[in-house]
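# Structural characterization, general
Residues per chain, in single letters:
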Amino acid sequence: MEYCSSRGGSGSLFVIITTVSLLLLFFPSEAQLSSSFYDSTCPNAVSTIRSSIEQAVSRETRMAASLLRLHFHDCFVQGCDASILLDETPDIRSEKSAFPNADSVRGYEVIDAAKSDVEAICPGVVSCADILTLAARDASVAVGGPSWDVRLGRRDSTTTNVDEANSDLPGPDSDLQRLLDAFDKKNLTPRDMVALSGAHTVGQAQCRTFRTRIYSNGSDIDAAFATTRQSQCPENGSGDSNLAPLDETTPNDFDNNYYRNLVQRRGLLHSDQVLFSGQSTDTIVTQYSNNPATFAADFANAMVKMSEIQPTLGQNGIIRRICTALN
């Protein structure tokens, strides 16, 4: 249909304006993430969350790594929507029970506490998804890692996806191609993948996740390192939950020693060491091992990209009153 005429210009203009108005009515502008999202509705939200996370990491340094991992496991399953935080109910299959998460992912109570603190000052305003995203950034800073700008405005999902959690989250035995494919599926590059893996510069892993590697007698593991790890991880299958630092050099500091360990064949997990195993990602590992500033900058950039995987926006989600349940 055309709206032009040699006569009646004002009438044509009226038709155009009316048409545009109707289009805006039926196709409203898409909600977007913004670094100032809560400036007017809850101006103290970001600082309140930061304080809560700082306290949690102060009580237990390992919690910083756990919160980074919790955020990763949320974003890789139907986007960064706090679906991982929902508890099991007759109507909900909790992602907490998925194989990569069960008896492994932790830090839920820290997000619950931060949510409670924010609800006390701004009820029903700040989403659990945004809290989890900010918590990851604040956890990094709390152990000497980089900071980055977090754009906010995510809504909380009303659904979970256990099947996607089981299929899309790479495990500790993943080979390099499995890792590359998993990250590519989320539009993250090989460089993003290697940078994000650097979160393993802090935190610990359970014996069951690295037993095969330390007893493999393979050429991709330093013999002395394997012997040290074997002392707390018996080959006979006992001690599955015994912990070992992912970075034995500076386990509580966010630095680039993780990559130096890989160069020395001292990666704890198979999925760590494959990043430096004569394959395509070796050059990135070498660069990060030699230049901590480059690693920090790339890690921050990759965290921003990951935090914006398929965010639930506008009317497509809710603001949960508590993070573990639907309203």
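The rules behind the values
- Residues numbered from 1 in each chain as written.
- Predicted model: local features only at pLDDT ≥ 70, side-chain atom pairs only at ≥ 80, totals over all residues.
- Heavy atoms only, no water.
- Helix = DSSP H or I, 4+ residues; strand = E, 2+ residues; numbered from the N terminus.
- Buried < 20%, exposed > 50% of the residue type's maximum accessible area, 1.4 Å probe, protein only.
- Contact = heavy atoms within 4.5 Å.
- Areas by Shrake-Rupley, 256 points an atom, 1.4 Å probe, with all protein chains shown as cover.
- Lys, Arg positive; Asp, Glu negative; His and termini not counted.
- Charge placed at Lys NZ, Arg CZ, Asp CG, Glu CD.
- Expected span 1.5 Å × (residues − 1).
- Salt bridge = Lys/Arg side-chain N within 4 Å of Asp/Glu carboxyl O.
- Core = buried A, V, L, I, M, F, W, Y, C linked by side-chain atoms within 4.5 Å.
- 1 Å grid on protein atoms, 1.4 Å probe; cavity = no way out; pocket = protein on both sides within 12 Å on 5 of 7 lines; lining within 4 Å.
- Points joined across faces, edges and corners; volume = space filled by probe spheres on them.
- Nonpolar A, V, L, I, M, F, W, Y, C, P; charged D, E, K, R; others polar.
- Disulfide = S-S within 2.5 Å.
- pLDDT = per-residue confidence, 0-100.
- Axes fitted to C-alpha atoms, helices over the stretch in contact; angles between N-to-C directions.
- Parallel < 35°, antiparallel > 145°, perpendicular 65-115°, else oblique.

This brings us to the overall build of the protein. Assigned secondary structure in the protein consists of 14 helices and 2 strands. Seen through its C-alpha atoms, the protein measures out along the principal axes to roughly 90 × 45 × 40 Å. For the protein, with 327 residues in total, the buried portion stands at 50%. Taking the contacts inside the protein whose residues are at least 6 apart along the sequence as the reference set, 74% of them involve residues at least 24 apart. Accessible area of the protein: about 15400 Å², with a carbon and sulfur share of 51%. If you average the places of the 27 positive and of the 40 negative side-chain charges in the protein, the two averages end up 1 Å apart.

Take helix α5 (residues 128-142) next. Because each turn of an α-helix spans 3.6 residues, side chains separated by three or four positions in sequence point in the same direction. End to end, α5 covers 20 Å across 15 residues, agreeing with the expected 21 Å (1.5 Å per residue, within 8%). Where burial is concerned, most of α5 is hidden: 13 out of the 15 residues are buried. Two residues or fewer past α5, Gly144 is found with a positive phi of approximately 85°.

So, about the pattern of salt bridges. Per the counting criterion, the structure on display carries 17 salt bridges. A salt bridge links Arg106 to Glu60, with the nearest nitrogen and oxygen atoms 2.8 Å apart. Of this pair, Arg106 sits in the loop between α3 (63-75) and α4 (108-121) while Glu60 is found in the loop between α2 (45-59) and α3, placing the two residues 46 residues apart along the sequence. Through salt bridges with shared partners, a single network forms among Glu164, Asp168, Lys185 and Lys186.

Another aspect to go through is the nonpolar core. Counting 74 residues, the largest nonpolar core has Leu70, Leu85, Ile111, Leu275, Phe299 and Met306 as the members making the most contacts within it. Excluding residues that lie within four positions of it along the chain, Leu70 makes contacts with Ile84, Leu85, Val105, Arg106, Gly107, Tyr108, Ile111 and Leu132. Among the nonpolar cores identified, the runner-up in size contains 13 residues, and Phe210, Phe225, Cys233 and Leu269 belong to it.

A few words on the layout of surface pockets. Over the atoms a probe the size of a water molecule is rolled, and this reveals where empty space is left. Its volume calculated, the largest pocket comes out at about 980 Å³. Breaking the lining of the largest pocket down by element, the ones donating at least two residues are α3, α7 (176-185), α8 (190-197), β1 (204-206), α9 (207-214), α12 (270-273) and α14 (292-307). Sorting elements by how many residues they give to the lining of the largest pocket places α3 first, with 7 residues. Residues of the lining of the largest pocket, tallied by class, amount to 23 nonpolar, 13 polar and 6 charged.

What follows is about the state of the cysteines. One covalent bond between the sulfur atoms of two cysteine residues makes up a disulfide. Within the structure shown, the criterion is met by 4 disulfides. Paired through a disulfide, Cys207 and Cys233 show a sulfur-sulfur distance of 1.9 Å. In this structure the cystine formed by Cys207 and Cys233 twists about its S-S bond by roughly 75°; its chirality is therefore right-handed. In this pair, Cys207 is assigned in helix α9 and Cys233 in the loop between α10 (223-230) and β2 (243-245), connecting sequence segments 26 residues apart. For the pair shown, Cys207 and Cys233 are each scored as buried. Once the bonded cysteines of the protein are numbered in order along the sequence, the disulfide links fall as 1-4, 2-3, 5-8, 6-7.

In this model, the protein carries an average pLDDT of 92, and 91% of its residues clear a pLDDT of 70 or more. Contacts from residues 1-29, a stretch scored under 50 in pLDDT, to residues over four places away or in other chains number 6 contacts.

Between α8 and α14, whose axes approach to 8 Å, the crossing angle comes to 105°. Between α8 and α14, the interaxial angle falls into the category roughly perpendicular. The residues of α14 that touch α8, namely those facing Arg191, Asp192, Ala195 and Leu196, are Thr294, Phe295, Asp298, Phe299, Ala302, Met303, Lys305 and Met306. Taken together, the residues of the contact of α8 with α14 sort by class into 7 nonpolar, 1 polar and 4 charged.

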